[in-house]
Amino acid sequence: MSLQDAPRGQAAGQWPADDEVPPPSDLTVESTRALGWALKDLCYSSWSSDPQRAVRAAATLRRLRDAAHTAGLSQSLGEVDALVGWTEGVAHVIQGEMDAAIIALDAAANSFAKLGQPQHAALTQVPKIMALTMLGRHDDAAHCAEGAQRALLAQGDMLAASKVALNLGNLHLEADRYAAAAGCFREAAVLFARVDDPEHSVMADIGLADALAALGDIDEAARTYARAGTRATEHAFPVLQAMVEESVALLDLVRGRYREALAGLEGSRRRYAELEMPQHLAIAHKQLADAYLELRLLPEALAGHEAALERFRALDMQVERAWTLVQRGRALALAGQSTHAEASLAEAAALFVGLDNTTGAAAVALARAELAQASDDGTRALALAREAATRFARAGLVERRLRAEAVQAQALLSLGDVARAQPLIDATLAEARAHHLLPVQMRCLTGRAMAAMAAGDRQAARSDLEAATELFEDQQRTLPGDELRSAFQNDHLWPFQALLRLELEAHDVGLADGEKVLARLDRFRARTLADRLGATHRGVGEVPQVETEGLRAQLAWLYRRLRQLDDEADTSALLTAELRKTEHELLERARRSRLATAAHLPMRTQAELDVRLLRRSLAPGDALVEYGVHADELFACSVTPSGVQVVRRLAAWPQVVDTVRSIRFQIEALRHGTAPVQRHLPVLEQRVQAHLQRLHAMVWQPLAPLLAQSQRVLIVPHAQLGAVPFAALHDGQRCLAEEVEIAFAPSTRIALDALTRKPAAATRVLALGESTRLPHAASEAHAVAGLLPQGWAFVGHEATIANLFAHAGRADVIHLACHGQFRSDNPVFSALHLHDGPLTAEAIETLRLSGATVVLSGCETALSDIGGGDEMFGLTRAFLVAGAARVVAALWPVDDAITAEFMSDLYAALRRGEPPAAALRQAQLATRRRHAHPFYWASFSLMGRW
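Residues numbered from 1 in each chain as written. Predicted model: local features only at pLDDT ≥ 70, side-chain atom pairs only at ≥ 80, totals over all residues. Heavy atoms only, no water.

(A) View of the nonpolar core. Judged by nonpolar contacts, the single largest core of 103 residues is most densely connected at Leu906 and Tyr907. Here this core takes seven residues from helix H20 (residues 398-414), the largest share from any one element. The contact partners of tyrosine 907, leaving out residues within four places of it in the chain, are Val784, Leu787, Val813, His815 and Val855. Counting 86 residues, the second-largest nonpolar core is a separate cluster that includes Leu529, Cys818, Met872 and Leu925. (Core = buried A, V, L, I, M, F, W, Y, C linked by side-chain atoms within 4.5 Å. Buried < 20%, exposed > 50% of the residue type's maximum accessible area, 1.4 Å probe, protein only. Helix = DSSP H or I, 4+ residues; strand = E, 2+ residues; numbered from the N terminus. Contact = heavy atoms within 4.5 Å.)

Structure below.
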């Protein structure tokens, strides 16, 4: 904007506000005054389109004033001094410095009043309303607004009076007086339209839509946002575009449209960062953390809320700090930290009392109700939820009231008061459907199913549970990222488990066959991985993480430094802390990169399990066994070409878990080397075999009649069973490896996908041996490369991540002989340690494999973190996502020299044309003949298919 464009552009020539250009040397009182008004107008006109330009205009005006004083014009510059205070007040608002803004604006008002310019004095108070509101001083803001509006109306300044109406609307909105806010925004919108002020008219529309959304008029709010967004784009108001994007995202969040909400929140956050608007940016960070909380990504939500609290404290934003404390309290409660949760809620409650914010107090009551419900204190939960619902109703907040009523109904159910819970659930569900609030609908459907089951109405319960799971699946499949989908699933397992219970009960009385039970059991197992594999096979991968290159390089350096400083404890501890921080930042930045493009990614859909196709995919002698747990009862579904059989009550699940722990304890007694216990090996073998026999009797012996004709069994384990060496299970006469070939799959759905796709034939092998830390790795890699028709071996300093990525895509078999590390604290950073650094699971997923068989000849490479729904995270999963058909990996630390022998036997069998499951079995039995203890021969398992 040039000075000629300014409404008071009386200056001759132009003087840019963007650069450090010295003020004109020939200043006069009139030219200084004209330039001052032009810079003030520039400051105002840039506020929404280019906030930092407005800040620079204010700084330029101060330099102009100082130059004029230096030139001896001090006696006639009172008006310019007032303009300096005015623009600096605006700049302070933009920069989040509200106290400084108030001081500057009051000084400007006093200066204009002394000059006999009451209209300008009143105008300086308009941005002060915003500053007071942001500080939570609502009464002071209202008093300021009313005084400014009276003065402006007396001066006949309708445009400025309209701006005050807009600010009054914002004031009421901030104080949760939504009906009053809507009235002010409507008035402001009409007035701005009359004076043809599109910028402030868009602001009024945004405020009106915010108020309508809070009052539950979702459809009208959406239409108003759409109108505001279109106009903000047409007139190129980037700040207002960001505000619309943010508000629409929040509306999507309460409606359960998580994909669009996450994309919008991240998009607005990026805009605010580019515009350098610290207050809005702090709020955007808090809202993204709120979205993580809604999806139950708790560690990330807590980290986001902590960061937001620091920002709000620094910016003295009391209202936002109080609301963040509520959300942090909810997150802490869900994380099981009830004491810290109550402390956070108490701090929020005290702030809301000081701010006289009754809606905030209601939010605290609702959060405390949820905390009481989690602590099985139904009576307290009921009273608090009822209090919250009443307060929300008085404020006209529909969505929050419905959430409180849903918690109230849940509390009644926990107290056994089904008669009072049912009508409340029905009424809440009807309203939630009318307002398109999917999260409340899901909660109500689940509650109504609980009530129906308590009343013995299995049909009604099934109907509501099916509706709840369909809603969940519609929402989950849109989420961008494994961690979001998995966390969301963990919070919504109960409807799936309840449907499984109903199917098992129906099967017991002959009303459901085994196929229905299997389909129900597998419906929620490894859903996130199944979605991911389906997307990979269709060519729909995750968003490239182009924004993380610097962090990845920093991580690689930290890993290398830690490797060099293993013996320097203090330095190593500091570097480890820095490494963990960098890992977290990398994951968050990668997540946000996905969120920014989430709205543009194709939707993931997943077909139901086709059990008949599964049976046709099994050859004679093949079987699949999927284990499940219901009410502490381990059961199994056995699938053969002839049908599906359900075997109930195999064992009590806690007893199974104890036995698995005993097996792992006995085996891992040898993890630090066998030399010290060599003479005790026969005794140690007898001990572990006793536990293996006990587990065999629980999980395998009852299935023996169904599997009598099976030579190959594909096992879908449940939870801790995934860490069991099934090949070593023993019936007292023989181990299982002597009877059948065994492979594993994360779910039956994934197993079916693997069985229906032909993997690559084993003709081309890529072998890497990191021999600087494993002496036998080089000879192992060379031997493997020579065992198949075509082979490439990279050993020592050539066993690098770069060589793996360069050659992996054309290999049928990939053999990695190196140290492995499973990270239970952060499984995506589990790693294979190659010469140039760790190859993490997070990086492995970016490989592009074509159905290769991957052999991980390293320690604990098969271990996974098992989440809800048997979702697995670790190295094995990463290679499956990258496109591997099969992964051979170790369940515990392996002996370097014996592993080299084991691999020689494995590849000799593969060269003879044996399938991987058969080759693995032969290697296991050959090693067992030389080294009888399961520690030596049973560690390696096969994931994917035979």
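(B) Inspection of unusual backbone geometry at higher detail. Positive phi, normally seen in glycine, also occurs at alanine 236, with a value near 55°. Mapped onto the fold, alanine 236 is located in the loop between helix H11 (218-234) and helix H12 (238-255). Positive phi, close to 55°, is recorded for arginine 649, a residue that is not glycine. Tracing the chain through its elements places arginine 649 in strand S3 (residues 643-652).

(C) Main features of helix H19 (residues 378-395). Helix length check: H19, at 18 residues, gives a terminal C-alpha distance of 26 Å against a target of 26 Å (1.5 Å per residue), a fit within 8%. Looking one or two places after H19, you find glycine 396, whose phi comes out positive at around 75°. (Expected span 1.5 Å × (residues − 1).)

(D) Summary view of the pairing of strand S2 (residues 633-640). Most of S2 sits out of view: eight of its eight residues are buried. Residues of S2 alternate between two faces, with Glu633, Phe635, Cys637 and Val639 on one and Leu634, Ala636, Ser638 and Thr640 on the opposite face, all of them buried. Pairing geometry for strand S1 (residues 622-630) and S2, over seven bridges, is antiparallel. Residue valine 629 lies in a different strand from S2, and its bridge partner there is leucine 634. Count of turn residues in the S1/S2 antiparallel hairpin: two residues, of which alanine 631 carries a positive phi of about 50°. (Pairing = 2+ DSSP bridges.)

(E) Here's a closer look at the sheet that holds strand S9 (residues 819-821). The three strands are arranged S9-S10-S11 in an open sheet whose pairing can be described as antiparallel. At either margin of the open sheet sits one strand with a lone partner, and together these are S9 and strand S11 (837-840). Between one strand and the next, the sheet's axes are offset by a mean angle of 30°, whatever the strand orientation. (Axes fitted to C-alpha atoms, helices over the stretch in contact; angles between N-to-C directions.)

(F) View of the packing of aromatic side chains. Per the counting criterion, the structure on display carries 15 aromatic pairs. On the basis of an interplanar angle of 35° and a centroid distance of 6.3 Å, the ring pair of tryptophan 37 and phenylalanine 112 is categorised as tilted. Residue tryptophan 37 is located in helix H1 (residues 29-46), and its partner phenylalanine 112 is located in helix H4 (residues 98-114); the two are separated by 75 residues in the primary sequence. Look at tyrosine 627 and phenylalanine 726: their rings are 6.2 Å apart centre to centre, the planes differ by 40°, and that puts the pair in the tilted class. With tyrosine 627 in strand S1 and phenylalanine 726 in the loop between strand S4 (712-716) and strand S5 (741-744), this residue pair connects regions lying 99 residues apart in the sequence. By the ring-pair criterion, three or more aromatic residues cluster together here, those being Trp37, Tyr44, Trp47, Trp86 and Phe112. Taking the ring centre of tyrosine 44 as reference, the NZ or CZ of lysine 40 above it sits at 5.1 Å. The positively charged end of arginine 591 is found above the aromatic ring belonging to tyrosine 292, 5.5 Å away from the centroid. (Phe/Tyr/Trp six-rings, centres within 6.5 Å; stacked < 30°, edge-to-face > 60°. Lys NZ or Arg CZ within 6 Å of the ring centre and 35° of its normal.)

(G) View of the pattern of salt bridges. Counted by the stated rule, this structure contains 71 salt bridges. Residue arginine 65 is joined to aspartate 81 by a salt bridge in which the shortest nitrogen-to-oxygen separation is 2.8 Å. Taken together, the positions of arginine 65 in helix H2 (residues 51-70) and aspartate 81 in helix H3 (residues 78-94) put the pair 16 residues apart, joining distant regions of the chain. Taking relative accessible area as the criterion, arginine 65 reaches 12% and is therefore assigned buried. Classification of aspartate 81 as partly exposed rests on a relative accessible area of 28%. A salt bridge links glutamate 387 to arginine 391; the nearest nitrogen and oxygen atoms lie 3.7 Å apart. Placement of the pair is glutamate 387 and arginine 391 together in helix H19, with a separation of four residues, close to one helical turn. Through salt bridges with shared partners, one network takes in Arg462, Glu466, Glu473, Glu503, Arg520, Arg523 and Arg527. (Salt bridge = Lys/Arg side-chain N within 4 Å of Asp/Glu carboxyl O.)

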